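Chain by chain, the residues:
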Amino acid sequence: MAGSTSPSTGGASRRSVLAGTAAALAAALTGCDSQAPPATRQTSDDAKAPVVTGHKPRGKDVIDVVADFGAKGDGRTDDSRAFARAYAYAAGRVWDHVGRTVIDVPAGTYLIRSPNALLDAQGGKLKANGLRFRGAGKRMTQLLFAPHRAENAYLCRNEDSWANVMFEQIGFAAATSGASFFYSYSTGQAQDYRFTECEWTGEWTYGVALDGSNTNSEMRWDACRVGGAYRKAFLYSGLSQKSLSRPQQDQFLNYWFNDMKVEYAWGNFLEFPYGGSITCRGGSYIVTGRRPDDSGDYGRTSTFFRFPRGPHHDSVQRFHAEDIRFEVRDPDTVVIDCAWDSGTVHFNDCDDTAQAFKSFAEESSPHRYRIGSQGPLVRYDSCQLSGQHAYEAESGGSGPRARYDMCRFRNHAQQDFIKGSGDRVSFVDCLGA
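Visitor: An account of the overall build of the chain is needed here, citing residue identities and associated values.
Guide: Check the secondary structure of the chain and you find two helices and 31 strands. Every one of the 433 residues in the chain was classed for burial, and the buried ones make up 52%. The contacts of the chain with a sequence gap of at least 6 include a subset with a gap of at least 24, amounting to 80%. Accessible surface computed for the chain: about 19200 Å², of which carbon and sulfur atoms make up 47%.

Quick look at the structure:
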């Protein structure tokens, strides 16, 4: 969060650390039995011993939605009540703001019709740390979310209540088109989510929708598959439904996507109008189809990384993509569309040329930027790139804002690769068509 740090030295100054080290070394060299008193040091908030009150709650630390709460998992019976009871049990065992329960979901297909049945933390009344949902494996544990109305229906809702929430080896399917998976509102509490070997299928409005004015940070996806389709985006940062102040929506930090299989029909993967620190490493990213209808916000395009410019304070704006293979199957597929007014964008060892042989590729612009006086600063290293890259320059500033190092351009010579404001771009040791 803004304004808070946890130095590795526990808050000690560089001078005090060096003094303590020198004293210990002098004692060792002189053979003294007693050491000099340790240097005075402050203790960071994270290192303070917690004050434990109350008593450990009764009940099992690991529960089973089938054995303990009667879920059927047959794909026909509505298991909403079983999941709601399992969550209520876990919430009831929070002790000193720490969660004490793992919720196991055995192999099966679970029909859930009630919104918020998987996680129902509304109003910010509960402040807790640690909740874990554990499935039997991707394609083995499937949750079918089929609310009667899709609008504003989420399978999970966390309003400033839970931090450190984990989902492991579970598949989530939108059985009602336009439903959403997770709503997260934060003014400082909701953060630290982790998804491991999970999968999303079906037509969603949002995958994870972030709202609020602080935190909603430290989120990680490992070896997950993002399938289905998205009317808005799989991860949408800055919903502004309950935010106290839109300009304060600038604490969307640290999102990691590792070894992903992003293979969905249409929609956006990430949308961050309020900035953020985002890292995507490894995997394959493919949009397999096209939007069925024109969207007022997006037209017919589907974009992996959409970063429009929203009203917010001067927050971090940083994006890094590395070792990713993109497929641009038609001109309506866009890798990145960025209008941030500062920050950095970096692609390293990425390849989007799998469809560069197709007739549309030469005229396509799968990478698009609007560059102002403060950036963003854009860099491509050792990438293989199709089509042309489009740059729109705003008034103010001069000189290059984008750089290509040792890249290969499949459809154009270097002098023809940039569409628009070529004066903002420089090339180093690149090869053209």
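Still more ground to cover, so stick around.
Visitor: Quick one: what's the story with unusual backbone geometry, residue by residue and with numbers?
Guide: Cis geometry is adopted by the peptide bond preceding Pro376, which originates at Gly375 and carries an omega value of 15°. Structurally, the position occupied by Pro376 is in the loop between strand S24 (367-371) and strand S25 (377-381). Despite not being glycine, Asp429 has its phi angle at roughly 55°, a positive value. On the secondary structure map, Asp429 appears in the segment after strand S31 (425-428).

Visitor: How would you explain the environment of Gly228 if you had to name every residue and give the values?
Guide: Of note, Gly228 is situated in the loop between strand S14 (225-226) and strand S15 (229-237). On the basis of relative accessible area, Gly228 is assigned to the partly exposed category, the value being 22%. The spatial distance from the C-alpha of Gly228 to the C-alpha of Thr201 is 4.0 Å, given a sequence separation of 27 residues. If we skip the residues at most four places from it in the chain, Gly228 touches Trp200, Thr201, Gly202, Tyr264, Ala265 and Trp266.

Visitor: Tell me what's going on with the pairing of strand S23 (residues 344-348), and back it up with residues and numbers.
Guide: Summarising the sheet, strand S20 (residues 317-322) and S23 pair through five bridges and their orientation is parallel. Counterpart to Glu322 in the pairing with S23 is Asn348. Pairing between S23 and S25: five bridges, direction parallel. Each bridged residue has a counterpart across the sheet, and for Asn348 the counterpart in S25 is Asp381.

Visitor: Can you lay out the nonpolar core for me, pointing to particular residues and giving the numbers?
Guide: The biggest cluster of nonpolar side chains holds 95 residues, and the ones touching the most others in it are Trp200, Trp221, Phe305 and Phe347. Residues Tyr185, Tyr206, Ala233 and Leu239 belong to the second largest nonpolar core, which totals nine residues.

Visitor: Run through the pattern of salt bridges, naming residues and quoting values.
Guide: Enumeration over the complete set of coordinates arrives at 24 salt bridges. Note that Lys127 is salt-bridged to Asp160, the shortest N-O span being 3.7 Å. Here the residue Lys127 occupies a position in the loop between strand S5 (119-121) and strand S6 (128-135), and Asp160 occupies one in the loop between strand S8 (154-159) and strand S9 (162-168), the gap between them amounting to 33 residues. Judged by its relative accessible area of 9%, Asp160 is buried. Arg281 is the salt-bridge partner of Glu322, the closest N and O atoms lying 2.8 Å from each other. Taken as a pair, Glu322 in strand S20 and Arg281 in strand S18 (residues 276-287) lie far apart in primary sequence, 41 residues in all.

Visitor: Now, about the packing of aromatic side chains: what can you tell me, with residues and values included?
Guide: Applying the stated criterion across every chain, the model contains 50 aromatic pairs. Each ring, one from Phe182 and one from Tyr193, has its centre 5.0 Å from the other, and the planes form 35°; the classification is tilted. With a gap of 11 residues between them, Phe182 in strand S10 (residues 171-187) and Tyr193 in strand S11 (residues 191-196) connect regions that are remote in the sequence. Accessibility expressed as a relative area gives 1% for Tyr193, which makes it buried.

Visitor: Please provide a residue-by-residue account of the environment of Glu197, values included.
Guide: Turning to its location among the elements, Glu197 is positioned in the loop between S11 and strand S12 (199-214). For Glu197, a relative accessible area of 34% puts it in the partly exposed group. The spacing of Glu197 and Gln169 is 28 residues in sequence and 4.8 Å in space, taken between C-alpha atoms. Residues contacting Glu197, with those up to four places away along its chain left out, are Lys138, Gln169, Ile170, Asp222, Ala223 and Cys224. Polar side-chain contacts of Glu197 include one of 3.3 Å to the side chain of Gln169.

Visitor: Explain the side chain of Asn158 to me, and be specific about the residues and the numbers.
Guide: Position of Asn158 among the secondary structure elements: in strand S8. When neighbours within four sequence positions are excluded, Asn158 is seen to be in contact with Leu119, Ala121, Phe182, Tyr183, Ser184, Tyr185, Ala190 and Tyr193.

Visitor: With reference to specific residues and values, describe the pairing of S20.
Guide: When you tally the buried positions in S20, you get five out of six residues, the bulk of the element. When S18 meets S20, the two strands line up parallel, connected through six bridges. The residue bridging Arg281 from the neighbouring strand is Glu322, located in S20.

Visitor: Tell me about the state of the cysteines, and name the residues and values.
Guide: The tally for this structure, following the rule as stated, stands at zero disulfides. There is no disulfide at Cys383, and the cysteine sulfur nearest it, in Cys407, is 4.9 Å away.

Visitor: Tell me about the confidence of the model for the chain, residues and numbers included.
Guide: Residues at a pLDDT of 70 or more form 84% of the chain, whose mean pLDDT is 87. Scored below 50 in pLDDT, residues 1-42 shows 23 contacts in the model against residues more than four places distant or in partner chains.

Visitor: Any chance you could break down the environment of Val262 for me, citing the residues and the numbers?
Guide: Mapped onto the fold, Val262 is located in strand S16 (residues 255-264). Considered as a pair, Val262 and Ala223 are 39 residues apart in the sequence and their alpha carbons are 10.0 Å apart. If we skip the residues at most four places from it in the chain, Val262 touches Val226, Phe269, Ser284, Tyr285, Ile286 and Phe304.

What counts, and at which threshold
Residues numbered from 1 in each chain as written. Predicted model: local features only at pLDDT ≥ 70, side-chain atom pairs only at ≥ 80, totals over all residues. Heavy atoms only, no water. Helix = DSSP H or I, 4+ residues; strand = E, 2+ residues; numbered from the N terminus. Buried < 20%, exposed > 50% of the residue type's maximum accessible area, 1.4 Å probe, protein only. Contact = heavy atoms within 4.5 Å. Areas by Shrake-Rupley, 256 points an atom, 1.4 Å probe, with all protein chains shown as cover. Pairing = 2+ DSSP bridges. Core = buried A, V, L, I, M, F, W, Y, C linked by side-chain atoms within 4.5 Å. Salt bridge = Lys/Arg side-chain N within 4 Å of Asp/Glu carboxyl O. Phe/Tyr/Trp six-rings, centres within 6.5 Å; stacked < 30°, edge-to-face > 60°. Polar contact = N/O pair within 3.5 Å; in protein donor to acceptor, adjacent residues only side chain to side chain. Disulfide = S-S within 2.5 Å. pLDDT = per-residue confidence, 0-100.

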